[in-house]
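Given next are the chains, with one letter for each unit.
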Amino acid sequence: MANRKEHWDVPASTLALRNTNPLAQFTKESKDIKPYTKKEHIRLSIGSLKARQAVAEYITSTDTPMQPENVILTRGCRGALLLCIACLADIGQNILLPRPQFPIYKAICEKYGIEVKFYDGFNGNGHEGDLEQMESLVDHKTAAILIDSPATPIGHVYSKRHLLAILELAEKHKLPIIADEIYANMGKENDIKKELCFKVKAFGKCRDSNKCDQRHIVLPKIDGACLNSLPNSGEVKLKVTHIVNSSHFHARLIEHRMPGQQTHNFTQEHFQLLTDMATWFGRAENFKRYTVPSIGDLCAIQENEVAYRVKIMNLMGLHAAGSGIRSRVYFIDIGRTLTVEASRLLELPETLQKIPPQAVNIFICRIRPIDCDVCWTPNADFYIHELLKEKVLDGRIALCMDNTLWLDPLVQRRHLVEMRVMMNEIHIRSELIKNGFAVDNPNHLTNLYSICEGKIDIPLLGKKEVHLETDVLPESEKYHEVLVSSLVTPDTVFVQRKKSEKQLEDLCTEISTYMETQRSIKCSVKVVSGLICLALFPEENKWYRAQVLKAEMEPQAETEAKVEVFFVDYGETRTIDCMDIHEIPPELLELPMQAIECGLAHIRPFDEAWTDISGDALWDLCHFVTDIPKRLVAQVFGKSDAKLAGLHRYSIELYDTSRVEDLNLAQELVWKNLAKPTSPAVKALFPAPAAMNKIYTSPTAKVADLCAAVHWSKDDTHSLEIVDEISHILSSLSPRSPETALLYEKLSEELLSIGTALQMIRCLEQSSRKAVQVQAACAIETLAKSHIQWWTAFQDENLLLVEILTDIIDVVEDTQVKCSSCRALAAVCSNSRVLSERACDAEICDILLHVLAESEEDDLIRDTLYLMDVLYSQASQHSGFQKESLIQTVIGKLKGAQTSELIKAGVKFCNSFSQRSRKNKTRLLEIGLVPILKSFQGLFLRSCYNLVSGLLDSLIVNVPKEGTIRNKPSHPVKNQQRQGCSPEVRWSQNTFRLVLSIRAEGVNPESNPVHLEETSITFDTVAGDVHYFFQYDLYDKIQQANSYILVKAHEVLVSLRKVEKGKWSRLLHQKQKLPNISVDYERYVDSSSDSEVDEEEQPFLLKKAKQRRHLPPSSGDRKTKKYLPLESESDNESSDSLFGDPQNSDMLDIVS
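Let me sum up the structure you'll find in this document.

Definitions and cut-offs
- Residues numbered from 1 in each chain as written.
- Predicted model: local features only at pLDDT ≥ 70, side-chain atom pairs only at ≥ 80, totals over all residues.
- Heavy atoms only, no water.
- Helix = DSSP H or I, 4+ residues; strand = E, 2+ residues; numbered from the N terminus.
- Buried < 20%, exposed > 50% of the residue type's maximum accessible area, 1.4 Å probe, protein only.
- Contact = heavy atoms within 4.5 Å.
- Areas by Shrake-Rupley, 256 points an atom, 1.4 Å probe, with all protein chains shown as cover.
- Pairing = 2+ DSSP bridges.
- Axes fitted to C-alpha atoms, helices over the stretch in contact; angles between N-to-C directions.
- Phe/Tyr/Trp six-rings, centres within 6.5 Å; stacked < 30°, edge-to-face > 60°.
- Lys NZ or Arg CZ within 6 Å of the ring centre and 35° of its normal.
- Expected span 1.5 Å × (residues − 1).
- Arc of directions from axis to C-beta.
- Core = buried A, V, L, I, M, F, W, Y, C linked by side-chain atoms within 4.5 Å.
- Salt bridge = Lys/Arg side-chain N within 4 Å of Asp/Glu carboxyl O.
- Parallel < 35°, antiparallel > 145°, perpendicular 65-115°, else oblique.
- Left-handed = near helix turned anticlockwise from the far one by under 90°.
- Nonpolar A, V, L, I, M, F, W, Y, C, P; charged D, E, K, R; others polar.

**With respect to the overall build of the protein chain**
- Scanning the protein chain from terminus to terminus reveals 33 helices and 41 strands.
- A buried classification covers 44% of the 1152 residues belonging to the protein chain.
- Look at the contacts in the protein chain between residues 6 or more apart in sequence, and 64% of them connect residues 24 or more apart.
- Within the structure as shown, the protein chain displays about 62,500 Å² of accessible surface, and the carbon and sulfur contribution to it stands at 52%.

**Focus: helix α24 (residues 801-811)**
- Looking only at α24, the buried set comprises Leu-801, Val-802, Ile-804, Leu-805, Thr-806, Ile-808 and Ile-809.
- Buried residues along α24 sit against α21 (756-764), α22 (770-786), α25 (815-829), α26 (833-841), α27 (844-854) and α28 (858-875).

**Considering the sheet that holds strand β4 (residues 177-180)**
- With parallel pairing, the 4 strands of this open sheet are ordered in space as β2-β1-β3-β4. At either margin of the open sheet sits one strand with a lone partner, and together these are β2 (115-120) and β4. Each adjacent strand pair in this sheet contributes to an overall mean axis angle of 25°, direction not counted.
- Along the sheet face, helix α4 (residues 76-88) touches β1 (94-99), β3 (142-148) and β4 and points at about 175° away from the line of β4.

**A short note on the packing of aromatic side chains**
- Following the criterion strictly, the structure yields 19 aromatic pairs and no others.
- On the numbers, 5.1 Å between centres and 85° between planes, the contact of Phe-537 with Phe-567 is edge-to-face. Of the two residues, Phe-537 sits in strand β20 (residues 532-537) while Phe-567 sits in strand β22 (residues 562-567), which places them 30 residues apart along the sequence. Take Phe-537 and Phe-567: they sit in the same class, and that class is buried.
- An aromatic cluster is built from Phe-537, Tyr-544, Phe-567 and Tyr-570, whose rings are joined through pairwise contacts.
- Lying across the ring of Phe-331, Arg-336 places its NZ or CZ 4.2 Å from the centre.
- One residue, Lys-630, lies across the ring of Phe-624, its end atom 5.6 Å from the ring centre.

**Points about helix α33 (residues 942-954)**
- Over its 13 residues, α33 extends 19 Å from the first C-alpha to the last, a length consistent with the 18 Å expected when each residue adds 1.5 Å.
- Those residues of α33 lying buried are Cys-944, Val-948, Ser-949, Leu-951 and Leu-952. Taken down its axis, α33 places every buried residue within 165° of arc, on the same side. Those residues of α33 that are exposed and aimed more than 90 degrees away from the buried face are Arg-942, Asn-946 and Asp-953.
- Against α30 (900-916) and α32 (929-937) lie the buried residues of α33.

**Regarding the nonpolar core**
- Counting residues in each nonpolar core, the largest one holds 74 residues, and the members touching the most others are Leu-764, Phe-794, Ile-809, Ile-844, Leu-929, Leu-933 and Phe-936.
- In terms of nonpolar packing, the next biggest core, distinct from the first, is built from 47 residues, Val-200, Val-218, Ile-362 and Trp-406 among them.

**Side note on the pairing of strand β10 (residues 326-331)**
- Sheet topology note: the strand β9 (residues 306-316)/β10 ladder contains 6 bridges and is antiparallel. Counterpart to Asn-314 in the pairing with β10 is Arg-328.

**Looking at the pattern of salt bridges**
- Scanning the entire structure with this criterion turns up 42 salt bridges.
- In this structure, the salt-bridge partner of Asp-394 is Arg-257, at a minimum N-O distance of 2.9 Å. Highlighted residues: Asp-394 in strand β14 (residues 392-401) and Arg-257 in strand β6 (residues 248-257), separated in sequence by 137 residues. As far as the burial class goes, Asp-394 and Arg-257 line up, both buried.
- Across the salt bridge formed by Arg-649 and Asp-491, the nearest N and O atoms sit 2.6 Å from each other. Of this pair, Arg-649 sits in strand β28 (residues 648-656) while Asp-491 sits in the loop between β18 (479-489) and β19 (492-497), and the two are 158 residues apart along the sequence.
- Note on Arg-649: relative accessible area 11%, which makes it buried.
- Taking the relative accessible area as the measure of exposure, Asp-491 reaches 28% and is therefore partly exposed.
- Shared partners join several salt bridges into a network, and the residues in it are Glu-781, Lys-785, Arg-823, Asp-859, Arg-862 and Asp-863.

**Comments concerning the sheet that holds strand β11 (residues 337-341)**
- On the basis of which strands lie adjacent, the open sheet formed by 4 strands has the order β8-β9-β10-β11 and antiparallel pairing. Two strands lie at the open edges of the sheet, namely β8 (298-303) and β11, each paired on one side alone. Between one strand axis and the next, the sheet turns through 50° on average, direction left out of account.
- The pairing of β8 with β9 spans 6 bridges and is antiparallel. When the sheet's bridge partners are listed, Ala-300 is paired in β9 with Arg-309.

**Some details on unusual backbone geometry**
- Cis geometry is adopted by the peptide bond preceding Pro-100, which originates at Arg-99 and carries an omega value of 0°.
- Within the fold, Pro-100 resides in the loop between β1 and α5 (104-111).
- A cis geometry characterises the amide bond from Asp-408 onward to Pro-409, with omega recorded as 0°.
- Secondary-structure assignment places Pro-409 in strand β15 (residues 404-416).
- The phi angle at Glu-390 is positive, at roughly 55°, despite the residue not being glycine.
- For Glu-390, the location among the structural elements is in the loop between α12 (378-388) and β14.
- Note on Glu-390: relative accessible area 58%, which makes it exposed.
- You will see that Asp-402, though not glycine, has its phi angle at about 50°, which is positive.
- On the secondary structure map, Asp-402 appears in the loop between β14 and β15.

**Thoughts on the pairing of β28**
- Of all 9 residues in β28, 8 are buried; the element is thus mostly enclosed.
- As defined by bridge partners, strand β25 (residues 596-600) adjoins β28 across 3 bridges and the pair is classed as parallel. The residue of β28 that forms the bridge with Cys-598 is Tyr-650.
- Examined bridge by bridge, strand β27 (residues 632-641) and β28 share 9 bridges and lie antiparallel to one another. Of the residues in β28, the one forming a bridge with Lys-639 is Tyr-650.
- In this antiparallel pair of consecutive strands, β27 and β28, the connection spans 6 residues, and Gly-646 shows a positive phi of 75°.
- Where β28 and strand β29 (residues 663-664) come together, 2 bridges link them in antiparallel fashion. By the bridge assignment for β29, Asp-656 is matched with Leu-663.

**Here's the deal with the environment of Asp-863**
- With respect to the helices and strands, Asp-863 occurs in helix α28.
- Since its relative accessible area comes to 3%, Asp-863 is described here as buried.
- Sequence spacing of Asp-863 and Cys-822 is 41 residues, and the spatial spacing of their C-alpha atoms is 6.0 Å.
- Leaving out residues up to four positions away in the same chain, Asp-863 has contacts with Cys-819, Cys-822 and Arg-823.

**Regarding the packing of α28 against α30**
- Where α28 meets α30, the closest approach of the two axes is 8 Å, and the angle between their N-to-C directions is 25°. The pairing of α28 with α30 is recorded here as roughly parallel in orientation. Considering how the two elements wind past one another, α28 and α30 form a crossing that is left-handed. On α30, the residues touching Asp-858, Ile-861, Arg-862, Leu-865, Tyr-866, Met-868, Asp-869, Tyr-872 and Ser-873 of α28 are Glu-901, Leu-902, Ala-905, Gly-906, Lys-908, Phe-909, Ser-912, Phe-913 and Arg-916.
- The class makeup of the residues in the contact of α28 with α30 is 9 nonpolar, 3 polar and 6 charged.

This is the structure we're talking about:
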């Protein structure tokens, strides 16, 4: 035998290489001849693509996938053999053939001059060939090995082990194999002893059908015989008895329903079986051992004193010495299998054997495991076991074979007794897909129907009228959390239950995914009134579930017809093109219609019908200014017949519970004079004014009745006259008189006590009434600036004032509303770091940047810049203010500014921006602010001239000489003292105070070396010949009046009282750690605020409630201690902070 090949190299034969088309080659090389495009090109006859795809799918298995381009179809087996042999071998080469063999093998080889070598395909020992003989025949001229299994003419079949051995030999010598398997599956598919393949049942097809030992075709005599007379159509109710895997379980039928027919109940039959089994095996004489067990026999077994019918599936240990016979049994009334000792089997009387099995095989349709697998994961099986264990389910029969039902859909229903409706609570298929345990298998039933066609009765699942249930508001629950999705008038409101919000979102995602694959497919159903379908919502260009209300379609103009549809999940009605209707698949009908028809109780319109104004007002009450629905609470007071959605229309009261006080929306409409109350539960804002004349003791006493007159007036002109009178009365009061001041104070207290601040904010949310929004914003601005009570009230987080004003600035298009909202937000956030940070967290910086970039109106630009200045002064470190585009946009708007107010607002912001850090000054200089400021000086605007000049002067800087050291003074020290240095600072804290230990020796006890501001500390003193100096910005604000200093021999102690109680994460505002500052671990207290106390008499002791810790003694303690209250610096001139910008901490000092 020649040396074997080291690498695969199978060249084509000379005959194959000569097989060319010279005419086609000549046409291709010729430049003058062009192809005739009107006639289709004739391809090599290798079979149509559709046929090759079918063959590829048939022979594909899990480990050997096959593609259609690798399949060639020939005329019979002879054509395939001739093609393979002629392409692989040349004249003088040889091919190994089996002996005995099909004569055509040798005839083809001799025709092409190929030598034949025979190996023994049957060696007399079973059906295996002689591999040693086969390998001895291989030489350097061997081109291929041909095997046939099952073989002709003797019919022997090679085992899997022997076939693998042949493959190893071929791999060893790098020889291709010609496999003749024409008779491979003959006889297997018609074997009545084999069961229908489990994969076919579960998934519609078996990917390994060429290897699978089970049956893949339907045999009517076997699969069409229902052992227990199962129904083959309609709906069934069942109880799960045993779970096999995620798509297969056993169940006992409870009832069967057919439309228009009486329901058949199986419960009585099951109860009779249990009674007969208990009666029979309740007598001791009937406990007879089943002595001669055989596979397929029916007998009984007792477990936990209960007798069960079982079928013997297998017998084990028949020939094993020293062990008893064991039997694998199947519980025909439960569905589970168990291995038991054969001695436990009991005889079953013939009468009990004739009763049909109660356990039915159930398959869930149209699902398969994830990742194209054929086995369910343990997690999926565990999930379905917990979901279905002993549950009662309802399903529609999609197919029935033997003792098996395929159900689609399969749901768990809930009967709402009060509403007399059935509600789908759990859809099994959707739950598996939604939780990531399964994926869609759309061809499952289609493939099953194709193999059953003409053999098994298939249920009539044609295009039937689709029914879709509507969600309900159960009367058993007093309150329901809802969202208002649509409304026409207060009498026609559509709500969605909050608990179904996630399910509806998932449904919309499924619809979008489904329609992505259906865009080019025309709707196949006739569009008629009442049709449930998918429809395109024109405003959003998205598909939603809908019902056709009115179809006006002419047969000759179907594409131009219009259809009125009702979107069943949202309550909207639209007229759309007929082409925007699409058929809805069954899986999208599982969730009930979410739009529940309602009407507000206890109110009615002033006239015969509701107005659009009342509907707009109610919409504003139900939604935020961004049109996002609020979470409301509904209380049902009654129901009537529905007009559009579902069976019932609910009479409800709606409450907004998102604020401190609950708001009855019907009550609010009455107070707005947009509705009349019909029940004492809803009261008017003011009593109707009396017709008689009334005498008042003072003009102010008349105001309440005048307000009532405005509320009840129907004449706008008369209302304005009354408003003018109220304004005249209030303006006539002297604002400087003590009486008026006292009146304003009492009036503010009374208004705040009745929730007027909340009512103002609710006025801001009335998007349909722009004038009301402007008035409310102006009132908030005025009150926040002039009265401390109002400013404090607006700080309440529950009012959400900052968030509402931010949303208004973002979404409202009216310039006047935007301007007033900017001014109101500036007034509220002024001097409040907390509110400013809340506004920044609500993305106000991005919103203001967008407003500046888009606006061309000076008033809006001015108010926006004014608001930015207020926010920046309180929350300059927020990331929103660090964007380069923000300051660039501000400078861009200043370039064309002409009015003094706009210039003033812009310069104020730039001034605040420049004072925060040196880096900010540099940015302003680089952008080109100086020429703009100089141009403003040329305008000679008095109101802003000084402000412009001051900013211009502050931007002129001198860069220090090389060698300037951070934290050291740059000015010369008097009396030839040494250059200033930063002393060592150790600090500790508790919830209330900070204690700084400044290590400086020889400090004069009578001096005052420490100077404080609200957010900074300066230490400046001379001790001996050393000049100590530092100036730091603190992490947060301190109380200067409650801070103290204690000068000792070797240190100076400083006690600082925090403005806001809590722990500081670091001492300085900057994030960079300085080498001279460290934590004093000897004094450090790390505990919760609940255990810490603050004593003003001992400000340098950081105490806990139960344990006292004293500062360590020092040599200076023997000296007289003197506490000096710290005085704040009166000089408020701004200067660059050395550590003001954490991003620029490594820059050199810049000295003005």
